[in-house]
Amino acid sequence: MKRIYILALSILLIICLIIWIGPFRIIRAACMADWRIIAIALLIHLAVVAVRSLRWGFIIGQPRRMGVNFKVKTIGLFAGNLSPMRSAGEVMNAVAGKKLNGIELSEGLSAGLTERFFDLGIGGALLLMAAVMVPVIRILALFGAFLSVLITYLIYIFNWREEKGLRIYRRMHRVMERLPISEEILENLYTRLTAGIRGMIGYTRSYSNFRSMGLIFILSLLSWLMECLRLYLVFMAFRVEIAFSAVIIIFLLANLVGILSALPGGMGSMEVSMTGLFVIFGVSEVMAGSVALLDRIISFWTVTVLGAIFSSFYAGEIFDEVRSYVLDIRS
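Each chain carries its own residue numbering, running from 1 in the direction its sequence is written. Residues qualify for local features only when their pLDDT is at least 70, as the model is predicted, and side-chain atom pairs are given and counted only at 80 or more; totals for whole chains, interfaces and linings, by contrast, use all residues. Side-chain calculation: all heavy atoms of the structure are included, whereas hydrogens and water are not.

Enquirer: Explain the overall build of the protein chain to me, please; I cannot follow it from the model alone.
Expert: When its secondary structure is counted, the protein chain shows 13 helices and 0 strands. Reading the helices (α) and strands (β) of the protein chain from amino to carboxyl end gives α-α-α-α-α-α-α-α-α-α-α-α-α. For the protein chain, whose C-alpha radius of gyration is 21 Å, the value lies close to the compact-globule estimate of 20 Å for 331 residues. In terms of principal-axis extent, the alpha carbons of the protein chain reach across some 60 × 45 × 40 Å. Burial here depends on accessible area, computed with a 1.4 Å probe over protein chains only, as a share of the maximum for the residue type. Under 20% is buried, over 50% is exposed, and the range in between is partly exposed. Counting only residues that meet the buried cut, the protein chain has 48% of its 331 residues in that class. The contact rule is simple, with two residues in contact once any of their heavy atoms fall within 4.5 Å. Restricting to contacts in the protein chain with at least 6 residues of sequence separation, those with at least 24 account for 73%. Secondary structure counts use DSSP, requiring at least four H or I residues in a row for a helix and at least two E residues in a row for a strand, with both numbered from the N terminus. We compute the radius of gyration over the C-alpha atoms and compare it with the globule rule, which gives 2.2 Å times the number of residues raised to the power 0.38.

Put into structure tokens, the structure is as follows:
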């Protein structure tokens, strides 16, 4: 029931945004847009997913299986779009990777956390630069940079530093011991998670060299810039002039708001925050809302639909994997 309320809130935010701008004004703006450029923006977003698939494949040692890697990444993005703070994306990536790539669950979690580490690290660095260069959004950018760096550091501990990661988990486990959970389940959970952390860190260290980290960084930065280019092209399609640097800043801040809102995939909160940020940077309300809504259709709903299609083919196998893991902990 709680999920229904959250989804209803997301939809309500989008409806309020459409009503505030005016549905007929949005339709009129969309009819005047250059749909050839929008088609290019869609292709670029699919290329973004392809770059992330290549990054995933490189980390798990299967860079040439692009078809399989694309399915795995799309399923992970689909799960992230339907979960608060996109928290289920890495887990579903790992589960789908185990079934489709044939890797261990710890390897998939290691790869997912490494991807998140670089994405957040790059985002935090860019937000810090934005705080210095753009005074109007300095406080929000500094807060976003601090939060990104903090989460990046926590990922570093759990994905690279075994001793510190286990120490933090043991503290968390002591808190869980106060909850109404049977001692047997807690013991099984402790055994599986400590072994999982060790396996995950062991796999991470296997590719933690300068060459591999450099290539992962380049692919991560490329995917970031391509996403910003997609948004910039949507502006071009609506014949709105805006600096590419402003697009980067707005995209980073909107993603931050989407994560902090804890709404599934930032649905509703990202559309509203993007519109507001566009207006701050001098874009008219109609164009700001039109660009935000259309860009989200390209970036959010296209991947969600593709992920739903791929997930439907492998839902039974993935569900069996999750169920066997849960039953193993209970037993």
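Now, onward.
Enquirer: Please explain unusual backbone geometry as it appears in this structure.
Expert: Where the residue is not glycine, phi is negative for most of them; where a peptide bond is considered, it is trans in most cases. Positioned with a positive phi, R239 is a non-glycine residue whose angle comes to about 60°. For R239, the position within the fold is in the loop between helix 10 (210-237) and helix 11 (244-260).

Enquirer: Mind showing me how you'd approach the packing of aromatic side chains here?
Expert: By convention here, two paired aromatic rings are described through the distance between centres and the angle between planes. Working definition: a ring pair exists when centres of Phe, Tyr or Trp rings (six-membered ring for Trp) sit within 6.5 Å. Plane angles under 30 degrees give stacked, over 60 give edge-to-face, the rest tilted. Evaluated as defined, the whole model comprises 9 aromatic pairs. For the ring pair F70 and F310, a centre distance of 6.4 Å and an interplane angle of 85° mean the geometry is edge-to-face. With F70 in helix 4 (residues 66-81) and F310 in helix 13 (residues 285-330), this residue pair connects regions lying 240 residues apart in the sequence. For the pair F70 and F310, a shared accessibility class is recorded, and that class is buried.

Enquirer: Please explain the side chain of S299 as it appears in this structure.
Expert: Here S299 is to be found in helix 13. Those residues in contact with S299 that lie beyond four places of it in its chain are H45 and R230.

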